[in-house]
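Below, each chain spelled out in residue letters.
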Amino acid sequence: MIIPVRCYTCGKVTGNLWERYLDKLQSGVPEGEALTSLGLIRFCCRRMLLTHVDLIEKLLNYNVLEKKDRELAGAAGRP
């Protein structure tokens, strides 16, 4: 969901590196080089970015309140 702010093991701040990491990957830099250039040397810190799954965009597709409004509007005969 949201990238953890700190490494679970050593406590290094990693939350501010996610966007820069994605930019480097999109520009064609290999994962290992991207992590090293961001200053993530320890394997525990590297794990934080490598294993993160960004689910927030997928979860936004399941807006429960909007779905209820559509169902209620359909039952009342409104478009």
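Structure's up top.
Described below are features of the structure shown in this document. What you are looking at is a predicted structure, and each value in this text was computed from that prediction instead of being measured.

**Here we look at the overall build of the protein**
And step 1. When helices and strands are counted, the protein shows five helices and zero strands.
And step 2. Helices and strands in the protein line up, N terminus first, as α-α-α-α-α.
And step 3. Per-residue burial over the protein gives 23% buried out of 79 residues.
And step 4. Counting contacts in the protein only where the partners sit at least 6 residues apart, residues at least 24 apart contribute 50% of the total.
And step 5. Carbon and sulfur atoms make up 58% of the accessible area of the protein, which amounts to about 6,100 Å² in all.

**Quick notes on a negative patch on the surface**
And step 1. Taken together, the side chains of Glu19, Asp23, Asp54 and Glu57 make up a negatively charged region of the molecular surface.
And step 2. When you line up the elements, Glu57 lands in helix α4 (residues 56–59).
And step 3. Glu57 sits in the exposed class, given a relative accessible area of 55%.

**Brief notes about the nonpolar core**
Soluble globular proteins: nonpolar side chains tend toward being buried together.
And step 1. Counting 13 residues, the largest nonpolar core has Tyr21, Leu40 and Leu49 as the members making the most contacts within it.
And step 2. Broken down by secondary-structure element, the contributors of at least two residues to this core are α1 (18–26), α2 (31–37) and α3 (43–50).
And step 3. Broken down by element, the residue count for this core peaks at four residues, all from α3.
And step 4. Leaving out residues up to four positions away in the same chain, Leu49 has contacts with Ile3, Thr14, Leu17, Trp18, Tyr21, Leu35, Leu38 and Leu40.

**Side note on a nonpolar patch on the surface**
And step 1. A cluster of nonpolar side chains, Val53, Leu55, Leu59 and Tyr62, forms an exposed patch at the surface whose accessible area comes to about 390 Å².
And step 2. By the secondary structure assignment, Leu55 is in the loop between α3 and α4.
And step 3. Residue classification places Leu55 among the partly exposed positions, given a relative accessible area of 32%.

**Describing the environment of Thr36**
And step 1. Among the secondary structure elements, Thr36 is positioned in helix α2.
And step 2. Judged by relative accessible area, Thr36 falls into the partly exposed class, the value being 42%.
And step 3. If near-sequence neighbours (up to four positions away) are discounted, Thr36 is found in contact with Ile41 and Arg46.

**Observations concerning α3**
And step 1. Where α3 is concerned, the buried positions are Cys44, Cys45, Arg46, Met48 and Leu49.
And step 2. Buried positions along α3 lie against α1 and α2.

**Quick notes on the environment of Leu35**
And step 1. Among the structural elements, Leu35 can be located in helix α2.
And step 2. Judged by its relative accessible area of 1%, Leu35 falls in the buried class.
And step 3. Linking Leu35 and Leu25, residues 10 residues apart in sequence, is a C-alpha distance of 9.8 Å.
And step 4. Aside from chain neighbours lying at most four places away, what touches Leu35 is Tyr21, Leu40, Arg46, Leu49 and Leu50.

Parameters and conventions
- Residues numbered from 1 in each chain as written.
- Predicted model: local features only at pLDDT ≥ 70, side-chain atom pairs only at ≥ 80, totals over all residues.
- Heavy atoms only, no water.
- Helix = DSSP H or I, 4+ residues; strand = E, 2+ residues; numbered from the N terminus.
- Buried < 20%, exposed > 50% of the residue type's maximum accessible area, 1.4 Å probe, protein only.
- Contact = heavy atoms within 4.5 Å.
- Areas by Shrake-Rupley, 256 points an atom, 1.4 Å probe, with all protein chains shown as cover.
- Patch = residues over 30% accessible without salt bridge, like charges linked within 9 Å, V, L, I, M, F, W, Y side chains within 5 Å.
- Salt bridge = Lys/Arg side-chain N within 4 Å of Asp/Glu carboxyl O.
- Lys, Arg positive; Asp, Glu negative; His and termini not counted.
- Charge placed at Lys NZ, Arg CZ, Asp CG, Glu CD.
- Core = buried A, V, L, I, M, F, W, Y, C linked by side-chain atoms within 4.5 Å.

Any functional reading would require information beyond the geometric quantities listed.
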